[in-house]
Amino acid sequence: MKHTLEFIYYIGKQVTASGGKRIIYALANILMMALAVAAAIGIRTLYLGMGEINFFAALLGIILCAVVCVIFAIDGVIAQLVMLVASFIGIFNKAAPENRGTNAVAFVIALLSTVGVAVALAIYLSWT
């Protein structure tokens, strides 16, 4: 419950941010998504190496990586999608025209990172 409230607070700070703070939030979201991808790769690596290392150590590693993967994937992807929408709306905000450039940069960062994670996931799932 506490994590959910902190995440909602983080989303609220992201939406109300202006200027260069949106770019910083977009980069922080990339870090969360990268940790989720790294945890997913860790799950696959531990699963494939399960016969060569201790079974219980590999199982514990898979469980820990799965928890990290789920938490960071949900937080990172949802936060980045919110950033995508908020920065897109901010580009056309007539009340604050001085923030259009930084909103455009945050939008491009959010769009490219979201597409990049989707491509990484597609490549990851195609490995057999």
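A brief report on the enclosed structure follows. Model, not experiment: these values are computed from the prediction. (Residues numbered from 1 in each chain as written. Predicted model: local features only at pLDDT ≥ 70, side-chain atom pairs only at ≥ 80, totals over all residues. Heavy atoms only, no water.)

What follows concerns helix α4 (residues 100-126). Taking 1.5 Å per residue, 27 residues should reach 39 Å; α4 reaches 39 Å between its end C-alpha atoms and fits that length. When we look at burial in α4, the residues that qualify are Asn103, Ala106, Ala110, Ser113 and Tyr124. The inward-facing, buried residues of α4 contact α2 (20-48) and α3 (55-91). (Helix = DSSP H or I, 4+ residues; strand = E, 2+ residues; numbered from the N terminus. Expected span 1.5 Å × (residues − 1). Buried < 20%, exposed > 50% of the residue type's maximum accessible area, 1.4 Å probe, protein only. Contact = heavy atoms within 4.5 Å.)

Here Ala79 lies in helix α3. For Ala79 and Gly20, which are 59 residues apart along the polypeptide, the C-alpha to C-alpha distance reads 17 Å. If we skip the residues at most four places from it in the chain, Ala79 touches Phe7, Tyr10, Ile11, Gln14, Asn29 and Ile74.

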